[in-house]
Amino acid sequence: MIGRSVLQEHDFLNSIIFSDEATYHVSNKVNKHNCRIWGSENPDAVQEVERNSPKINVWCALSHDAVIGQFSFAETSVKANIYLDMLQSYAVPQMHHLQATVIFQ
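Residues numbered from 1 in each chain as written. Predicted model: local features only at pLDDT ≥ 70, side-chain atom pairs only at ≥ 80, totals over all residues. Heavy atoms only, no water.

**Q** I'd love a proper account of the overall build of the protein chain, names of residues and values included.
**A** Looking only at helices and strands, the protein chain has 2 helices and 4 strands in total. Helices and strands in the protein chain line up, N terminus first, as α-β-β-β-α-β. Expressed as a percentage of its 105 residues, the buried residues of the protein chain come to 16%. Accessible surface computed for the protein chain: about 8,400 Å², of which carbon and sulfur atoms make up 54%. (Helix = DSSP H or I, 4+ residues; strand = E, 2+ residues; numbered from the N terminus. Buried < 20%, exposed > 50% of the residue type's maximum accessible area, 1.4 Å probe, protein only. Areas by Shrake-Rupley, 256 points an atom, 1.4 Å probe, with all protein chains shown as cover.)

**Q** Could you give me a rundown of the nonpolar core, with the residues and numbers involved?
**A** Core analysis: the largest hydrophobic core is formed by 9 residues, namely Ile17, Trp59, Ala61, Ile68, Phe73, Met86, Leu87, Ala91 and Met95. If one sorts the elements of this core by residue count, helix H2 (residues 80–98) sits on top with 4 residues. Discounting chain neighbours no more than four positions away, the residues touching Ile68 are Ile17, Trp59, Cys60, Ala61, Gln94, Met95 and Leu98. (Core = buried A, V, L, I, M, F, W, Y, C linked by side-chain atoms within 4.5 Å. Contact = heavy atoms within 4.5 Å.)

**Q** Provide a residue-level description of the packing of aromatic side chains, including the pertinent values.
**A** Under the defined criterion, the tally for this structure stands at 4 aromatic pairs. When the ring of Trp59 is compared with that of Tyr90, the centres are 6.4 Å apart and the planes differ by 80°; the resulting orientation is edge-to-face. Of the two residues, Trp59 is situated in strand E2 (residues 55–62) and Tyr90 in helix H2; the sequence distance between them amounts to 31 residues. Residue classification places Trp59 among the buried positions, given a relative accessible area of 0%. Judged by relative accessible area, Tyr90 falls into the partly exposed class, the value being 22%. An aromatic cluster of three or more residues is present, and its members are Trp59, Phe71, Phe73, Tyr83 and Tyr90. (Phe/Tyr/Trp six-rings, centres within 6.5 Å; stacked < 30°, edge-to-face > 60°.)

**Q** Could you give an account of the pairing of strand E3 (residues 67–73), with specific residues and numbers?
**A** In the sheet, E2 pairs with E3 via 6 bridges, with the strands oriented antiparallel. Looking at E3, one finds that Cys60 is bridged to Gly69. Hairpin connection, E2 to E3: the antiparallel pair is bridged by 4 residues. (Pairing = 2+ DSSP bridges.)

**Q** Lay out unusual backbone geometry with the relevant residues and their values.
**A** Between Gly69 and the following residue, Gln70, the backbone shows a cis peptide bond with an omega angle of 20°. Relative to the assigned elements, Gln70 resides in strand E3.

**Q** Explain the sheet that holds strand E4 (residues 103–104) to me, and be specific about the residues and the numbers.
**A** If you trace the 4 strands from one edge of the open sheet to the other, you get E3-E2-E1-E4, paired in mixed fashion. Looking along the sheet, the strands with just one partner apiece sit at the ends: E3 and E4. Bridge analysis of strand E1 (residues 16–25) against E2 gives 8 bridges, and the strand direction is antiparallel. Bridging from a neighbouring strand, Phe18 pairs with Leu62 of E2. Along the sheet face, H2 touches E1, E2, E3 and E4 and points at about 160° away from the line of E3. (Axes fitted to C-alpha atoms, helices over the stretch in contact; angles between N-to-C directions.)

Written as structure tokens, this is what we have:
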């Protein structure tokens, strides 16, 4: 049923916008929440990580023909109200500027 609606609506895939956010640490350390390091030589090795190191949170979205962002959060910790404010004041107006119908992922 879904495949049929995609065929009937030829612009369906063009109306999808995907977004994601990432945290970049200034101290050059890997964000282990998003990355796993595996080793066969020393499986019990420990990698020390500096707590509360300076970092920046960045948001970006992609459509079939445009990039929305990059939006860099000024706050160290992005909570729901901050994220919602970014969506309402920054992301959604740009999405509607690009096209009238949007499916936001």
